[in-house]
Amino acid sequence: MRHLLFLASLLLTASAFAAKPNVLLIIADDLGYHDLGFQGSKEIPTPNLDKLAAQSLVCTNGYVSHPFCSPTRAGIMTGRYQQRFGHENNPAWLPQDTVAGLPLTETTFPQLMQKAGYTTGAVGKWHLGAHPQFHPNKRGFDEYFGALGGGHMYFPGTGGGAEYNIPLNRNGKDEAQTKYLTEQFGDEASSFVERHAAEAKPWMLYLAFNAPHTPLQAPQKWLDKFSQITDKNRQTYAAMVCAMDEAVGSVLAKLDATKQRENTLIYFVSDNGGPNLQAKSGSNFTDNSPLRGAKGMVYEGGMRVPFLVSWPAKIKPGKYDLPVIALDFLPTSLAAAESADLTPKNLDGVNLLPFLSGEKTRAPHDTLFWRSGGPGGNNAVRRGSLKLVRLGKAEPELYDLATDIGESKNLAAEKPEVVKELVSAIAEWEKGTIAPIFESPRAGKPAAKKKKK
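Anyway, here's the lowdown on the structure attached to this text.

Calculation rules
Residues numbered from 1 in each chain as written. Predicted model: local features only at pLDDT ≥ 70, side-chain atom pairs only at ≥ 80, totals over all residues. Heavy atoms only, no water. Phe/Tyr/Trp six-rings, centres within 6.5 Å; stacked < 30°, edge-to-face > 60°. Helix = DSSP H or I, 4+ residues; strand = E, 2+ residues; numbered from the N terminus. Buried < 20%, exposed > 50% of the residue type's maximum accessible area, 1.4 Å probe, protein only. Lys NZ or Arg CZ within 6 Å of the ring centre and 35° of its normal. 1 Å grid on protein atoms, 1.4 Å probe; cavity = no way out; pocket = protein on both sides within 12 Å on 5 of 7 lines; lining within 4 Å. Points joined across faces, edges and corners; volume = space filled by probe spheres on them. Nonpolar A, V, L, I, M, F, W, Y, C, P; charged D, E, K, R; others polar. Pairing = 2+ DSSP bridges. Axes fitted to C-alpha atoms, helices over the stretch in contact; angles between N-to-C directions. Contact = heavy atoms within 4.5 Å.

Before going further, it helps to spend a moment on the packing of aromatic side chains. This model, assessed by the stated rule, comprises 13 aromatic pairs. Between Tyr81 and Trp429, the aromatic rings sit 5.3 Å apart at their centres with planes inclined by 80°, giving edge-to-face as the arrangement. With a gap of 348 residues between them, Tyr81 in the loop between α3 (69-78) and α4 (109-115) and Trp429 in helix α12 (residues 416-430) connect regions that are remote in the sequence. Among the residues examined, Trp429 registers a relative accessible area of 6% and is labelled buried. An angle of 5° between the planes, with centres 5.1 Å apart, marks the rings of Phe369 and Trp429 as stacked. With Phe369 in strand β13 (residues 367-372) and Trp429 in helix α12, the pair connects residues that are 60 residues apart, well separated along the chain. Trp429 matches Phe369 in its accessibility class, with the two residues each being buried. Aromatic ring contacts, followed pair by pair, group Tyr81, Phe369 and Trp429 into a single cluster. The aromatic ring of Tyr299 is capped on one face by Arg292, whose charged end is 3.9 Å from the ring centroid.

Our next topic: the layout of surface pockets. Its boundaries defined by the atoms lining it, the second largest pocket holds a volume of some 240 Å³. Lining the second largest pocket are 14 residues, with Trp93, Ala130, His135, Leu148 and Asn169 sitting closest to its centre. Class assignment of the residues belonging to the lining of the second largest pocket gives a composition of seven nonpolar, five polar and two charged.

All right, on to the sheet that holds strand β5 (residues 143-147) then. Spatially, β7-β6-β5-β4-β8-β1-β9-β10-β2-β11 is the arrangement adopted by the 10 strands of the open sheet, whose pairing is mixed. Lying at the two open borders of the sheet, with one neighbouring strand each, are β7 (173-175) and β11 (318-320). Averaged over all pairs of adjacent strands, the angle between strand axes in this sheet comes to 15°, irrespective of strand direction. Looking at chain direction, β5 and strand β6 (residues 168-170) are connected through two bridges and run antiparallel. Bridge assignment links Gly146 to a residue of β6, and that residue is Asn169. Lying on the sheet, helix α5 (residues 181-195) is in contact with β4 (119-125), β5, β6 and β8 (203-208); it crosses β8 at an angle near 175°.

Bringing the pairing of β13 into the picture now. Across the six residues of β13, six count as buried, placing the element largely inside the fold. Going residue by residue along β13, you find Thr367, Phe369 and Arg371 tucked away on one face and Leu368, Trp370 and Ser372 tucked away on the opposite face as well. When β13 meets strand β14 (residues 378-383), the two strands line up antiparallel, connected through six bridges. Paired with Phe369 across the bridge in β14 is Val381. Linking two consecutive strands that pair antiparallel, namely β13 and β14, is a turn of five residues; a positive phi of about 100° is found at Gly373 within it.

What follows is the structure, given as structure tokens:
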């Protein structure tokens, strides 16, 4: 009798786990807003991401919480505005530095998913601190394979600075790069999906490509596909996007082959907008149209990104036009995992499920905020369709994104009361933030050494 009861409890446990969706979060790096087929590109074919988009809610007003790399990732990992805990810059590659990284005081997305009964894995770019205390295995990931820094060379044995040439890392141990990095990350993610397919526990996988971030390096087969593009930087970038699309396709194919696709919640975003490198390269090889600005800016081109949410079992494909932000991934995933009770009370993200299903028709967020450069730096705030931009001490600018997605007509003089209201909103929000606790490394200069705490 005891044996039968034990078996029954195991079956009930397995059934409870099976009801929970797997969670797959895919992040591109420095991807142009217009450089995917489903975003309107006629130049760069992305059939796998286009297929995913057809199975998703395409969030046309989707944002990340910062206009460049590491802070966005800190926001995703915590569900909080990263300015609340001082992670407003990119950490330098300083393995001895115990400050430059995602603060240990923060509870992370994978730690919470572990509590919800998930096996957690990460593949790809980390960029949340070089010291061993910041390692993904110490921050909630059961498994990790990838590059711990802010970028990496794409081919084994190629040049570049120290950070871009560090060995790949598997669960704290060095491992050699064996092939084109985007392909290797796709292989690792596919392996994770396959290895955990038969387990009773659901899984969460964080797949963070460093593509198409520089250095511009691509396999010849993809370069040949774009031989008609005369700008060599644009040609290589297009090839890199296609290589990433192929890697995503391999992971999605593995989900289908293992019959996990229906009950897998998938998110796809870029960590920020495409960079404008015209001054350095002679060409701006990313396309953020119709948005104004680029990576690093608080105009739309800096942090409005391609944004997909897919869960075939529960979310009907289509378009969702109200503003959402990547901070929402954490609480949405906990709710999908029937573990909303684990959601911390101090989050800025919200559970999107009732909004995406149509159960709630109001906007998920009354107001969204961005800041780059610390207090006194560049700010932006969006409320409804109105967005205020304040660049340092310059006069605020006001745009209506409903009719002016390119932020070309400044309405500040016409709507002074709105400007006053939104400036006050920024001031109130900033009361809950702190100054950056570390600085971004300066290009061409060694990063300043931080004091250990």
